[in-house]
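Residue-level listing of the chains:
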Amino acid sequence: MTGALSGGRTTRPAVVAVAACVLGLLPGSGSAARDQREARLTAAYDCALPSGTRQVEVAFDVTFPERGVAGKPIRPRAVSVRASLPRQAVAELLPEGAVSATGAAAVAMAVAQGRERAGAEWADLASPEVKLPARGSVEFGFGGDVPYVTVGSGGDVTFRAGKLTLTLDAATAPAAGGTGTPPARLACAPARGADTLLATVPVEAAASSTPSAPDTGSDAPDSDAPQGTPNGTPKGVETGPRPRAATDACPAEAPKGELDPQRLPPVPAGGEVSELEPTSTCAVPVGFATLRKLKSSTLVNDPRGRRVGLMRLAMRLREVRAPGYVEYDHLGDMRLPDAEGTFLTFGFQPTTARIRFEPEPATIVNVIRPGRPPTTRVGYRQHLRLYDVRVNGVPLDVGPRCRTSRPVETELTGSYPVSEGGLLQGELDIPPLAGCGVHGEDLDALLSGAVSGPGNALKIRQGRVCGAGSPCTVPELPGL
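Draft legend 1. Geometry of empty space enclosed by the protein. Enumeration over the complete set of coordinates arrives at two cavities of 30 Å³ or more. In this structure, the second largest cavity encloses a volume near 50 Å³. Every residue lining the second largest cavity is listed: Pro285, Met311, Met334, Val378, Leu412, Leu424, Ile460 and Gln462. Considered class by class, the residues forming the lining of the second largest cavity number seven nonpolar, one polar and no charged.

Draft legend 2. Quick peek at the packing of aromatic side chains. Inspection of every chain in the model, using the stated rule, returns three aromatic pairs. Measuring from centroid to centroid gives 4.8 Å for Phe64 and Phe159, while their planes differ by 50°, and the two rings are tilted. With Phe64 in strand E2 (residues 52-65) and Phe159 in strand E9 (residues 155-172), this residue pair connects regions lying 95 residues apart in the sequence. A relative accessible area of 1% means that Phe159 is categorised as buried. When the centroid spacing of 6.3 Å and the interplanar angle of 20° are considered together, the rings of Phe140 and Phe142 count as stacked. When sorted by exposure, Phe140 lands in the same class as Phe142, which is buried.

Draft legend 3. Seen up close, the state of the cysteines. Going through the model one piece at a time under the given rule, you end up with four disulfides. Here Cys250 connects covalently by a disulfide to Cys282, the sulfurs 2.2 Å from one another. Across the S-S bond linking Cys250 and Cys282, the dihedral sits near 75°, which makes this disulfide right-handed. Taken together, the residues Cys250 in the loop between strand E12 (237-239) and strand E13 (272-275) and Cys282 in strand E14 (residues 279-283) connect sequence positions 32 residues apart. Here Cys250 falls in the buried class, since its relative accessible area comes to 3%. Two residues share a disulfide in this structure: Cys402 and Cys436, whose sulfurs sit 2.0 Å from each other.

Draft legend 4. Structural context of the environment of Ala126. In this fold, Ala126 is placed in strand E6 (residues 116-131). Overall, Ala126 belongs to the buried group, its relative accessible area being 16%. The spacing of Ala126 and Asp145 is 19 residues in sequence and 9.8 Å in space, taken between C-alpha atoms. Every residue in contact with Ala126, bar those within four places of it in the chain, is listed here: Gly103, Ala104, Gly141, Phe142, Gly143 and Arg464.

Draft legend 5. Quick look at the pattern of salt bridges. With the rule as written, the count across this model stands at 17 salt bridges. Residues Arg263 and Glu411 are paired through a salt bridge, measuring 4.0 Å at the closest nitrogen-oxygen approach. Remark: Glu411 occurs in strand E25 (residues 408-414) and Arg263 occurs in the loop between E12 and E13; sequence separation between them is 148 residues. Judged by its relative accessible area of 41%, Glu411 is partly exposed. As a salt-bridge pair, Glu420 and Arg464 come within 2.4 Å of each other at their nearest N and O atoms. Residue Glu420 is located in the loop between E25 and strand E26 (422-430), and its partner Arg464 is located in the loop between strand E28 (453-462) and strand E29 (466-467); the two are separated by 44 residues in the primary sequence.

Draft legend 6. Structural detail: the side chain of Arg263. According to the relative accessible area criterion, Arg263 is buried, its value standing at 14%. Ignoring anything within four residues of it in the chain, the contact list for Arg263 reads Thr363, Val365, Arg377, Gly379, Tyr380, Arg381, Glu409, Thr410 and Glu411.

Draft legend 7. Region of interest: the layout of surface pockets. Its boundaries defined by the atoms lining it, the second largest pocket holds a volume of some 720 Å³. What lines the second largest pocket is a set of 25 residues, among which Pro128, Glu129, Val130, Arg316 and Ser419 lie closest to the centre. Elements with a contribution of two residues or more to the lining of the second largest pocket: E6, strand E7 (138-144), E14, strand E17 (311-322), strand E18 (325-333) and strand E21 (362-368). Classifying every residue of the lining of the second largest pocket by side-chain character gives nine nonpolar, seven polar and nine charged.

Definitions and limits used
- Residues numbered from 1 in each chain as written.
- Predicted model: local features only at pLDDT ≥ 70, side-chain atom pairs only at ≥ 80, totals over all residues.
- Heavy atoms only, no water.
- 1 Å grid on protein atoms, 1.4 Å probe; cavity = no way out; pocket = protein on both sides within 12 Å on 5 of 7 lines; lining within 4 Å.
- Points joined across faces, edges and corners; volume = space filled by probe spheres on them.
- Nonpolar A, V, L, I, M, F, W, Y, C, P; charged D, E, K, R; others polar.
- Phe/Tyr/Trp six-rings, centres within 6.5 Å; stacked < 30°, edge-to-face > 60°.
- Helix = DSSP H or I, 4+ residues; strand = E, 2+ residues; numbered from the N terminus.
- Buried < 20%, exposed > 50% of the residue type's maximum accessible area, 1.4 Å probe, protein only.
- Disulfide = S-S within 2.5 Å.
- Contact = heavy atoms within 4.5 Å.
- Salt bridge = Lys/Arg side-chain N within 4 Å of Asp/Glu carboxyl O.

Geometric values such as these leave the question of function open.
Written out as structure tokens, the structure reads:
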């Protein structure tokens, strides 16, 4: 890298700025809890319908840390709540002519340690749009971020599911017209005698000295963590604030475009292909990228920023079914906000730059096979454009056309269903840059030598999808 930067003092900040540009493409850093375990519970709930009380089966699937430490937040993650409603019950709640519905759920979670008690409201859990069948049960799956819990001493902490409130919002067939019907609410409580213990997390007492409590599934305390005593350890059981859903509402209209046939896998023998009318949904992608040549990483779609961008989805544009094989193909539009990076050239010279993403639609392929983990592959191309470069606050003009000479081929893979969200990983081969420099100064070769090339790792965590008209929850950043 030293040789690439030896061309002149005025060009060195631009190299770092373009590095920022390339890094801005990808998703975010953050610490991931270790030693986690999945907690599952299926419980009977009594739900109050207009015709009377009806029993409904509710399934909880949540990831908890294997153990915790007093004074450090215990964070439930990957929260999934599934409610299976009889079709007759749905018909009582929703207006005539309803063909699909989105929903939200709130669970009153009871948290206890010994004699200490606290309530944790798991609210704003969202469900993507669900098509309503003519008969049989209707399963709604809700998910989202929930508050952390902090305790002040060692001992087992239990999480028990309590009252459940569902809110369902119907969509009718076009011929039926808008009904103006407000969302339906369904109040449920655990059935008598139902076992509602979701998880027990053992907690170690806080270390007496600052050095080294053992590494556990609990995160380090946040700036907004409860401060019950001078050393930050709370008294009893305390719950953190509700996570924010810092996005605009998902648009009602699905994005337009066509799937890239080169990114679609071959149809298996005996497979049937169906072209479908897509559903408009959205998700939030966050993550980080590492630029190999500069040994540096940066955030994209920073969840701490003033505006968090959405990935719009045309959900289920195409479906392929074969024996032991189901494939759902979606179209994604990832128009994220322009990013701003701040860097230190040579470790001391502050440089900032704005990065604009110019993507083509993404083809998203989700394959499900019995007995195997689901697979998701996201493929798209985009140019990266650099502008508004400043060194020590002084503008450095790179011109209006400073961008990658050809689109950046991006392919990410993960093991999760798209509707639930999950971790995507891949590598970028960054093309040479072109159009950089003004007044006869050609910075293309210099900048390309500093940043172009293969092996640039990226991780993106895709959040759970949300339905049209709903805000999406922002997922946690993946581990660096």
